[in-house]
Structures are given as C-alpha cells and as structure tokens.
Amino acid sequence: MSTIGIKINDNCFSANTAKTIRDIINISISELKEKICNNEFIYLSEDIDDEGLQVIFEIYTKLINDGTVCSIYDDEDEISIDILNNLISMNNEINMRIIDEMENEAIAEEND
C-alpha cells in the first residue's frame, strides 16, 4: 500500500488557487499557503481509498485547467495523471469483482 498526494509549485499560490482547492477540501488559507510554500502535500490519500483518489483527481484537473503547476506523487515518486486514472480504474474493477463475488455467495447460500 502506498500514499498518493498532490503538491503545488510554490510560485503558484494565488487567491484563485486557494478558492479552487477550498471548493474541494476543507483547509484554511494560511494552512494551504504554508503547505505550498514548504513544498508539502496539500492532500494525501491511501492508494486504495477510492474517494481520496477522486479528490486528488478533481483537485489536479481543476488546477491544471486554471493554469496552476501541480504534481501528483506515489509516495515520493512523481506520477502522471494517466497512472492515477489507471489506479482509480483498477480499484473500481476490484470493487466490482468483490460485489459480484458477494452477490454470488449470497445466491449460493440461498440455494442451499
């Protein structure tokens, strides 16, 4: 298991950046600015946390569309948005298999 996170280039802090991020996650402006200036992750998620990965995807997509320079990391290694998308897709497939297996087990128990 690894940790996925997002960082913003320290030259990119602006009111618009803060507003975009605060529309998605609950963080104070001073905390956000400190994290950006200290090159810290503004948001972290376990690689198996579907909701957390979606939050990172949403933050990244909105910031890139606004022209903000940001990066996604798997632990300390920078990864592309494509890798994040693959991870999200893989987790979705695993979740669907688990649901299917649970439904099949329930049906099998009913038939016994």
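Structure's up top.
Asks: Quick one: what's the story with the packing of helix H3 (residues 50-65) against helix H4 (residues 81-111), residue by residue and with numbers?
Replies: Any two packed helices are characterised by the angle at which their axes cross and by the distance between the axes. Taken N-terminus to C-terminus, the directions of H3 and H4 make an angle of 150°; their axes are 10 Å apart at the nearest point. As the angle between them shows, H3 and H4 are arranged roughly antiparallel. Along this stretch, H3 crosses H4, giving a crossing that reads as left-handed. From H3, Asp50, Leu53, Gln54, Ile56, Phe57 and Tyr60 reach across to H4, where they touch Ile81, Leu84, Asn85, Leu87, Ile88, Asn91 and Asn95.

Asks: A description of the sheet that holds strand S1 (residues 3-8) should follow, citing residues and the corresponding values.
Replies: Ordered by their spatial adjacency, 4 strands build an open sheet running S2-S1-S3-S4, and the pairing between neighbours is antiparallel. If you trace the sheet from one side to the other, it starts and ends with strand S2 (43-46) and strand S4 (77-79), each paired once. The average undirected angle you get between the axes of adjacent strands in this sheet is 30°. Bridging between strand S3 (residues 70-74) and S4 involves 3 bridges; their strand directions are antiparallel. The residue of S4 that forms the bridge with aspartate 74 is aspartate 77.

Asks: For unusual backbone geometry, give the residues involved together with the corresponding values.
Replies: A positive phi angle, close to 55°, is found at asparagine 39, a residue other than glycine. The partly exposed category is assigned to asparagine 39, whose relative accessible area is 47%. Residues other than glycine seldom take positive phi values, yet aspartate 75 does so here, at roughly 55°. Relative to the helices and strands, aspartate 75 resides in the loop between S3 and S4. For aspartate 75, a relative accessible area of 39% puts it in the partly exposed group.

Asks: Can you tell me about a nonpolar patch on the surface, naming the residues and giving the values?
Replies: Nonpolar side chains collect at one region of the surface, where Met90, Ile94, Ile98 and Met102 lie side by side and expose about 370 Å² of accessible area between them. Among the secondary structure elements, isoleucine 98 is positioned in helix H4.

Thresholds, definitions, all that
Residues numbered from 1 in each chain as written. Predicted model: local features only at pLDDT ≥ 70, side-chain atom pairs only at ≥ 80, totals over all residues. Heavy atoms only, no water. Axes fitted to C-alpha atoms, helices over the stretch in contact; angles between N-to-C directions. Helix = DSSP H or I, 4+ residues; strand = E, 2+ residues; numbered from the N terminus. Parallel < 35°, antiparallel > 145°, perpendicular 65-115°, else oblique. Left-handed = near helix turned anticlockwise from the far one by under 90°. Contact = heavy atoms within 4.5 Å. Pairing = 2+ DSSP bridges. Buried < 20%, exposed > 50% of the residue type's maximum accessible area, 1.4 Å probe, protein only. Patch = residues over 30% accessible without salt bridge, like charges linked within 9 Å, V, L, I, M, F, W, Y side chains within 5 Å. Areas by Shrake-Rupley, 256 points an atom, 1.4 Å probe, with all protein chains shown as cover. Salt bridge = Lys/Arg side-chain N within 4 Å of Asp/Glu carboxyl O.

What is shown is where atoms sit, not what they do.
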